[in-house]
Each structure stands twice: as structure tokens, then as C-alpha cells.
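# Chain and residue survey
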Amino acid sequence: MSGAPRLEINLDKIYHNAHTLVQRLEHSGISVTGVMKATLGSPDIAKVLLRAGVSSLGDSRIENIERMYNANLDSEIVLIRSPMITQAARVIKYADISFNTEIEVIRQLSIEAKKAERIHRVLLMVELGDLREGIMPDDLISVALETCYLPNIVLEGIGTNLACHSGVSPDANNMAMLTELANVIETSTNQSLNTISGGNSANLNWTFSGEDIGRVNNLRLGEAILLGRETLNRQAIADLHTDAITLFAEVIETKIKPSKPSGNIAQTAFGIKRTVTKHGRISQTILAVGIQDIDPEGLRGERGINICGASSDHLIVESEDNNLLIGSELTFQLNYSALLRAMTSPFIGKMLKH
Ligand SMILES: *Cc1c(COP(=O)(O)O)cnc(C)c1O
């Protein structure tokens, strides 16, 4: 399939990114969980990551976990979002490990694991300041103790997630806290923890800063692998490809139009007020892709192409060149938000390339 709109996904570049990160982190004793959610758990991409050396595959959605499980990938599969209690049986069936923050859910996992005669491993997520998921540090020991006693459940380790909800950066303080909590739990439960999962792509700067990484021995990486960027400042990571994935969209209209709208101005379809900066007439082009498929704020066009707006089904750009042909294609680079939406849009083709 080569029609537009489509994403072209270069597997060699993704392999290179994953392999480079795996190697660099191996020096610090850190394993990589390849986070698949932006690919909907694509088995083809999962295979590339496994070949590149990731130690497990992670996803936040049970549907993606099932897709990977059914592809017989020969890898540990980790549910990295706290399970929905109503999905506990599916979690037991398809995931080897799940991240958890509610003891009620872990109790249910234990019941289902016992029924299925399986052992399920639980990693407890700790709140260290970003205020998304996590058990408050003061409550961690009691949750860990009960987890250890639940039938068919093994306490795999602890982890944290920063930089997602409040933009809190991983640093010497919060990471040292994670190490300290790991030590305290080992003492109180009298068992050792396998995995201390320090975070996501936002942890890379801290990891490579040369600071003591304590007991952190795992990171969960999605964006850094797919887009080649760290996520605190969205800087390109040295020697990684930032263009492994490209969006192609087709031109359906191209005209010279006034830069300013005419008539009484109210809200637009999405409630956004348009600001007009230019004067005179401009060359305006419409592409057949829209807010259903992409986040227009997260796209970057080729040289000379400026994105000036989007509605459900139209992406509107201004171009310096006024003869973009009807039926021709323009390419765009995507940020994580645009990538997520494009990957999950049934209207966008996904073309895997080498
Ligand atoms: C999405 C997610 C990740 C991966 O984040 P990236 O920024 O893509 O590396 C890691 N951990 C959790 C819990 C996540 O939800």
C-alpha cells in the first residue's frame, strides 16, 4: 500500500536507535524495556527492538499486549499502566509483569493468577513528585509486604515515572530516593528486588550525566527509540535518527488566497481563534489529512512549508512555492503526540521499509 496519507516507518533506523541506546545503557548496567504503545504493539516493530537487544516489551494497553502475545515473540511482556481491575484475568493471561499502584488490583490479580495456575510478577510504581501514577512513599512498605504474601504473585521490583504530568525532571534527589526505597523494601520484605525501573526517555540525560545511578537497572523507552530525542527538551540524541518515521499527505487544493479572512469572525470548528500575521495574498495548499489523524501542532513541514491550521479532515499550509501540484505529496516530521494519533488512525497507512 502506498497511498496517502501514510506513515513510512524505516525499520533500519529504528533498529539503529534501539541498538545504540541498548549498548550505551548496558555500560551502566541498565536494561531497556521497549515501549510499544505508539506503534499499537506492532509485532514487526517489536521484532526489530528485540533484535536490537531490548530485554522486554512494554505497553500500556491490554489490546496491544495481546497482539504481541499472539505474535509469539519470545519476549517478556510488561503492562506498564496499572491494570483495570475488570481486566485482571486478561492481564494474567497475556502479561508476565504488570506495573501496579493499588493493592485492591493486586489482590484481584492474585485471585486470577491462582485460578489460571500462573505466577504473575508485580512492579510497584512510586510517586516521586510528578503526580501521575504512584504509591506515596510512606505507604510503599505496607503495599510491598502484602504483595509478597499474596498467592501466585511475586514482587518484581519498584519503579517510578517522571516528566509526564508535571514535567518533573529525573535528578540526583528523586533517583536517590528510588534507590533508598528499594533498599528499605528489601530489608522489610527480606527478599531482593530484580528490577528498579527508573523511568522513561526523560531519564536519559540523567543516566548519561555521569552521576551515580544507584540501583536503577531498567528504563522504559518509547520516544527515544522511535524519534531519536530525549524528552525533557526534545533535543536530538547524539548519533540517533530523528527521521525514522515520516508522514506523507496528498495535496487536494492549491490556490492563491488572501491572507486575511473576510466577514464576521466567530469561533472555528475546534474553538480555536485564528491569528493572521501576514498581509496580502498567499499561496495556500490543503492536504487530505486532519485532526482525526494527526496533531497539527506536532508536525513539521519541509522547507518553505508553514502549517497554518487544521480541521477534522483538512491540513492547511502556506507555501513559498505556489505550484504544488494536485495529487502530489508533501512530507512531515512528527512529534510524539502527532505520531500517537497518526499510528492509531485507521485512515493512515503504515508502510514498513528497510
Ligand atoms: C509511555 C510510557 C513510557 C515510555 O515513555 P517515552 O517517553 O516514550 O520513553 C514509560 N513508562 C510508562 C509508565 C509509560 O506510560
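The structure contained in this document is the topic of the report that follows. Not measured: the values here are computed from a predicted model.

## Description of the nonpolar core
Counting residues in hydrophobic clusters, the biggest one holds 91 residues, and the most contacted among them are Leu7, Leu124, Ile158 and Phe332. Excluding anything up to four places from it in sequence, Leu7 contacts Ile245, Thr246, Leu247, Leu334, Leu339, Ala342, Met343, Ile348, Gly349, Lys350 and Met351. Judged by nonpolar contacts, the second largest core, of seven residues, contains Val78, Ile80, Ile97 and Leu123.

## Some thoughts on unusual backbone geometry
At the junction of Ala4 and Pro5, the peptide bond is cis and its omega measures out at -5° in the coordinates. Tracing the backbone shows Pro5 in the segment before strand S1 (6-10). In this structure, Arg234 is a non-glycine residue whose phi angle is positive, near 55°. Judged by relative accessible area, which is 40%, Arg234 ranks as partly exposed. The phi dihedral of Asp239 falls on the positive side, at around 70°, and the residue is not glycine. Tracing the sequence through the fold places Asp239 in the loop between helix H9 (223-227) and strand S10 (245-258).

## Here we look at the site of the ligand
Of all residues adjacent to the ligand, which total 13 residues, the nearest are Lys37, Ser201, Arg220, Gly222 and Glu223. In this structure, a nitrogen atom belonging to the ligand sits 3.4 Å away from a side-chain N or O atom of Asn161. Between the ligand and Ser201, the relevant distance is 2.5 Å, taken from an oxygen atom to a side-chain nitrogen or oxygen of the residue. Expressed as a share of its isolated accessible area of 380 Å², the protein-covered part of the ligand is 93%. Looking at the shell around the ligand residue by residue, the classes come out as four nonpolar, four polar and five charged.

## Quick look at empty space enclosed by the protein
To locate leftover empty space, one rolls a probe as large as a water molecule over the atoms. Considering all chains together, one arrives at one cavity of 30 Å³ or more under this definition. In this structure, the largest cavity is lined by Ser60, Arg61, Ile62, Leu79, Arg81, Ser82, Pro83, Met84, Gln87 and Val91. Among the residues forming the lining of the largest cavity, the class breakdown is five nonpolar, three polar and two charged.

## Some thoughts on the sheet that holds strand S2 (residues 31-35)
Around the barrel, eight strands lie side by side as S2-S3-S4-S5-S6-S7-S8-S9; this closed barrel has parallel pairing. Averaged over all pairs of adjacent strands, the angle between strand axes in this sheet comes to 30°, irrespective of strand direction.

## Considerations on the pattern of salt bridges
Per the stated rule, a full pass over the model turns up 14 salt bridges. In this structure, the salt-bridge partner of Lys353 is Glu8, at a minimum N-O distance of 3.1 Å. Taken together, the residues span a long stretch of sequence, with Lys353 in strand S16 (residues 349-353) and Glu8 in strand S1 at a distance of 345 residues. The exposure class of Lys353 is partly exposed, given its relative accessible area of 34%. Overall, Glu8 belongs to the buried group, its relative accessible area being 12%.

Cut-offs applied
- Residues numbered from 1 in each chain as written.
- Predicted model: local features only at pLDDT ≥ 70, side-chain atom pairs only at ≥ 80, totals over all residues.
- Heavy atoms only, no water.
- Core = buried A, V, L, I, M, F, W, Y, C linked by side-chain atoms within 4.5 Å.
- Buried < 20%, exposed > 50% of the residue type's maximum accessible area, 1.4 Å probe, protein only.
- Contact = heavy atoms within 4.5 Å.
- Helix = DSSP H or I, 4+ residues; strand = E, 2+ residues; numbered from the N terminus.
- Near = heavy atom within 4 Å.
- Polar contact = N/O pair within 3.5 Å; in protein donor to acceptor, adjacent residues only side chain to side chain.
- Areas by Shrake-Rupley, 256 points an atom, 1.4 Å probe, with all protein chains shown as cover.
- Nonpolar A, V, L, I, M, F, W, Y, C, P; charged D, E, K, R; others polar.
- 1 Å grid on protein atoms, 1.4 Å probe; cavity = no way out; pocket = protein on both sides within 12 Å on 5 of 7 lines; lining within 4 Å.
- Points joined across faces, edges and corners; volume = space filled by probe spheres on them.
- Pairing = 2+ DSSP bridges.
- Axes fitted to C-alpha atoms, helices over the stretch in contact; angles between N-to-C directions.
- Salt bridge = Lys/Arg side-chain N within 4 Å of Asp/Glu carboxyl O.

These figures come from the coordinates and say nothing about function on their own.
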